[in-house]
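Tertiary structure, described
Below are the chains, spelled out letter by letter.
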Amino acid sequence: MLRSIFSKMVFVFLSILIAGFTITGVMLYFFLGNYVSNEKAATLNQVGEVLIDYVNAYVENEENPLSRYLLSKVLESYSTNYSSIIFITNKDGYIVSSGPSLNRISGIIKSHLNEEDGVYSLPDLRQHNKVLAGQNTEREIGDFYGVFKETGYEWLTVKKPFKFKVSGYEADVTGVIYLHTPVPEIQKARATVFSFFIVSVGVAIVISIVLVYIFSLKLTKPLKKISNAAKLIASGEFSKRLDIDSKDEIGELAKSFNQMGVALQNLEDMRRGFIANVSHELRTPMTSIKGFVEGILDGTIPPDRRNDYLKIVKDEADRLNRLVNDLLTLAKMESGEVSLTLKDFDINELIRLCIIKLENLITNKNIMVNATFEEETLYVNADKDAIERVVYNLLHNAIKFTPDNGVISVDTRSYKDKVLVTVKDTGIGIEKEDIERIWERFYKSDKSRSRDKSGTGLGLAIVRNIINEHNQEIWVESEPGRGTKFTFTLNKAQKQYLNN
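What comes next is a walk through the structure. (Residues numbered from 1 in each chain as written. Predicted model: local features only at pLDDT ≥ 70, side-chain atom pairs only at ≥ 80, totals over all residues. Heavy atoms only, no water.)

Concerning helix α8 (residues 347-357)
The complete set of buried residues in α8 reads Ile347, Asn348, Leu350, Ile351, Cys354 and Ile355. For α8, the buried positions fall inside an angular range of 160 degrees around the axis, keeping them on one side. Exposed residues on α8 whose side chains face more than 90 degrees from its buried face are Ile356 and Lys357. At the N-terminal end of α8, a side-chain oxygen is found 3.0 Å from the backbone nitrogen of Asn348, two or three residues along, and the residue is Asp346. (Buried < 20%, exposed > 50% of the residue type's maximum accessible area, 1.4 Å probe, protein only. Helix = DSSP H or I, 4+ residues; strand = E, 2+ residues; numbered from the N terminus. Arc of directions from axis to C-beta. Polar contact = N/O pair within 3.5 Å; in protein donor to acceptor, adjacent residues only side chain to side chain.)

The structure is reproduced here in structure tokens:
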């Protein structure tokens, strides 16, 4: 249950909706009760004001029987129209008139009134006297001194004390108009309003379900696409792309997913290329070694030429050894197993030592090496062995790709807290489309393959990893036919040492 996003969204949304409507309904129910009670009390209060005028008119014409009849009819009319029972009492609590007439009032109600010689009075004159004195509230909800006790429900009572107006002056308060209406009548109005609310809630929930359904489909549809695409990529189909054009978080997710697909595709291409290159780089020397050894063993190669071919076998074995060592070194670097030992050393002296190590190659090609140092000694803080490999590889590449009688320039200079080391040659250069790929493992252009058979194709990949491990930068500038310039940065040593 609730395993899909759609079902979870519908459940959560409807739970919030129902909880909100429930709280609103409970509050509305109680507020409506108070509101309807107040409105009913206000209406009865207005009726009481009107009835006081009728009572005054009756008093002025008290001797006229028609006046009493008209008053009773007015009371009965208002009682019917406002679903109320109306008592008019004198100052002694005797009911002088009522609507409806007392003979038509329920016996249950009359049984709780005091009765003497057919005249009824209120059962509790203490409460009546408080009203006359203005000490009692104008309205109350209850059984009215027990009069409505056995009706089974409560009543709202509005009390209107009044004064007779006789001959232009007001007498003391001499009576009270009591207007009673059953609370169920009030609750009926509340129930009517509340029923409209319930219907509105039902309609709102139905519409909300439809809207949530549409919205959920719109939301889950791209998620399903992403899920299906992820399954395809997990199965190895890295070419799958999403066509979700949305400006929200799902659109960003789809965009990131496509970028991931591109990265995985590139990684897969690199993996396949790596396997192919490793296979090629291993197969070539191994084939040569196998062929020469077989030739020596079966006598195909004459004894006087064996030493020459054994030297070739040794060179190929050395090449294999270099390839394996470079692969292990690169693997350790990429896995973070190589830890740097930082110390201060003179980068200029390190460059001189690398040039000396490569002296034979430089001499054989009659290459001129120009070393330009901004200072005689320039100390840097780095891993000396690792940086020696960087300088050696860059110089070795410069020698490989520089024609006979060419020129190689090496210079160092300070820049703020950095030292810039540059190796420049006058060789064949690098095509623009190859510049970004020269850092890849085993990547070689056709020209470089034709000119060099001893390289492993891992030198620049190792160089870049070493520089990255130092949190430094390396970049290349090159034009075909005009040579190549490599530049990398190192941290300058905080203390510069003097030569003795």
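Structural notes on the nonpolar core
Formed by 43 residues in total, the largest nonpolar core has its most connected members in Ile347, Ile387, Leu394, Leu395 and Phe488. Tallying contributions element by element places helix α10 (residues 384-401) first for this core, with eight residues. Counting 18 residues, the second-largest nonpolar core is a separate cluster that includes Ile52, Tyr58, Phe162 and Ile177. (Core = buried A, V, L, I, M, F, W, Y, C linked by side-chain atoms within 4.5 Å.)

Considering the packing of aromatic side chains
This structure, assessed with the given rule, holds five aromatic pairs. Ring centres 4.2 Å apart and planes at 15 degrees place the aromatic pair Phe148 and Trp155 in the stacked group. Like Phe148, the residue Trp155 is buried in the burial classification. Three or more aromatic residues joined by ring pairs form one cluster here, namely Phe144, Phe148, Trp155 and Tyr178. (Phe/Tyr/Trp six-rings, centres within 6.5 Å; stacked < 30°, edge-to-face > 60°.)

Notes on the environment of Pro480
Take Pro480: it is sitting in the loop between β13 (474-478) and β14 (484-492). On the basis of relative accessibility, which here comes to 42%, the residue Pro480 falls in the partly exposed class. A sequence separation of 50 residues divides Pro480 from Ile430, and the C-alpha atoms of the two residues are 5.2 Å apart.

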